[in-house]
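Summary of structural features
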Amino acid sequence: AGDGSGRVGAAEEDGGPPAPERVLFPPTFSVSEIKNKQRRHFMFLRWKQQQRKEKLAAKKKRRKEREALGDKAPPKAIPKTIENQRVYDETTVDPNDEEVAFDEATDEFAPYFNRQTVPKILITTSDRPRGRTVRFCEQLSTVIPNSHVYYRRGLALKRIIPQCIARDFTDLIVINEDRKIPNGLVLSHLPDGPTAHFRMSSVRLRKEIKRKGKEPTEHVPEVILNNFTTRLGHSVGRMFASLFPHDPQFIGRQVATFHNQRDYIFFRFHRYIFKSEKKVGIQELGPRFTLKLRSLQKGTFDSKFGEYEWIHKRREMDTSRRKFHL
């Protein structure tokens, strides 16, 4: 049998049994030079297989060398990722910065963090929502304690907001949809704002999640906020935190996570499963979705005359894949 380079195995030359077939590609080998489509695809798969074997062999060799050196082994190289190669942002928050501490003590969320207000959330939709959006709102209300769902029918947000303030609601969540699919979320902190507009994607309801757990209980969940490091990210993180009551009921073992990665905010709702005193697993309860901040507006919702603190402008801001805003 040939070995891919035109040579015949040594065992065949001696008249013995044929040697196992090996693929030895020449250094200048290019799969694209093969004219036959099926042969080109076959040889490409063989080439990829050879690359994987070489990579695995090199990895095993490095591991054996590290084991042989023991404590004298050099430290492992840190792989380069987009996150750890991030362009420095001058608005990154220093926990010991007095200016940041003063701003947080006097901003719109200070009454919540000073325990002067108790979160009360109104969840509503775009005009005349469809079934998937309705089910998503119902499931979201089981995640956020003390939240109430109201389905709009032709009522403008400018009329809803004064009614919310009069009834002591602290936040308003609006779920927008396009072609029967939820695609946007507006979060307005009452009574003085700010208002954030997010693009929503990758919505998964509970029945669409594999290996999901049982229905969530009414216990107040723990809240985890990851990687909100800039001043803008701090504001967005404080908006999410103010949706949940202060003291989580750990007996419920439920946790709501807002994880920021490359300016995409991934929401997950889990339950802890304690397997032993040392081992713990997590079980997703749902729903899940992904948010992308489009704008942050001062005050409550005002699409015509509102003053914006931040607007995402793709052509001006997305000049580098390593620059993030949250």
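Throughout, a residue's number is its position along its own chain's written sequence, starting from 1. Local features in this predicted model are restricted to residues of pLDDT 70 or higher, and side-chain atom pairs are both shown and tallied only at a pLDDT of 80 or more, whereas totals for entire chains, interfaces and linings draw on every residue. For side-chain calculations, the full set of non-hydrogen atoms in the structure is used, while hydrogens and water are omitted.

By the naming in an unreviewed UniProt entry, the protein is Ribosome production factor 1, taken from Rostratula benghalensis. UniProt positions are given in the numbering used here, feature names are shortened, and annotations may be inferred rather than shown by experiment. The Function (unreviewed entry) field of the UniProt record for the protein holds the comment "May be required for ribosome biogenesis." According to the UniProt record, the Subcellular location (unreviewed entry) comment for the protein reads "Nucleus, Nucleolus".

1. Observations concerning the pairing of strand S6 (residues 222-226)
Strand pairing is defined by DSSP finding a minimum of two bridges between the two strands. Helix numbers and strand numbers start at the N terminus; a helix is a DSSP run of H or I with at least 4 residues, a strand a run of E with at least 2. With 5 bridges joining them, S6 and strand S7 (residues 254-261) adopt parallel strand pairing. Residue pairing in the sheet places glutamate 222 in a bridge with valine 255 of S7.

2. Some words on helix H7 (residues 231-241)
Most of H7 is tucked away, with 8 of its 11 residues classed as buried. Per-residue accessibility, obtained with a 1.4 Å probe over protein chains only, is compared with the maximum for each type, and a residue is labelled buried under 20%, exposed over 50%, and partly exposed between these values. Where H7 is concerned, the buried positions are Leu232, Gly233, Val236, Gly237, Arg238, Met239, Phe240 and Ala241.

3. Concerning helix H5 (residues 131-143)
In this scheme, a helix's expected span is set at 1.5 Å multiplied by one less than its residue total. When the terminal C-alpha atoms of H5 are compared, their 19 Å separation across 13 residues agrees well with the 18 Å that a helix rising 1.5 Å per residue should span. Arg132, Thr133, Val134, Phe136, Cys137, Gln139, Leu140, Ser141 and Val143 are the residues of H5 that are buried.

4. Notes on the packing of helix H3 (residues 98-106) against H7
Axis lines are fitted through C-alpha atoms, for helices just across the contact stretch, and the angle between N-to-C directions can take any value from 0 to 180 degrees. At a minimum axis distance of 12 Å, the contact between H3 and H7 shows a crossing angle of 30°. If you check the angle between H3 and H7, you find them roughly parallel. The element H3 and its partner H7 pack so that their crossing is right-handed. Within the contact between the two elements, H3 uses Glu99, Val100, Asp103 and Glu104 and H7 uses Arg231, His234 and Arg238. Of the residues contributing to the contact of H3 with H7, the split by class is 1 nonpolar, 1 polar and 5 charged. To sort the angles, those under 35 degrees are grouped as roughly parallel, those over 145 as roughly antiparallel, those from 65 to 115 as roughly perpendicular, and the leftovers as oblique. Here is the rule for handedness: rotate from the far helix to the near one, and if that takes an anticlockwise turn smaller than a right angle the crossing is left-handed, while a clockwise turn gives right-handed. In what follows, a contact means two residues having at least one pair of non-hydrogen atoms within 4.5 Å. Here the nonpolar group is Ala, Val, Leu, Ile, Met, Phe, Trp, Tyr, Cys and Pro; Asp, Glu, Lys and Arg are the charged ones; every other residue, Gly included, is treated as polar.

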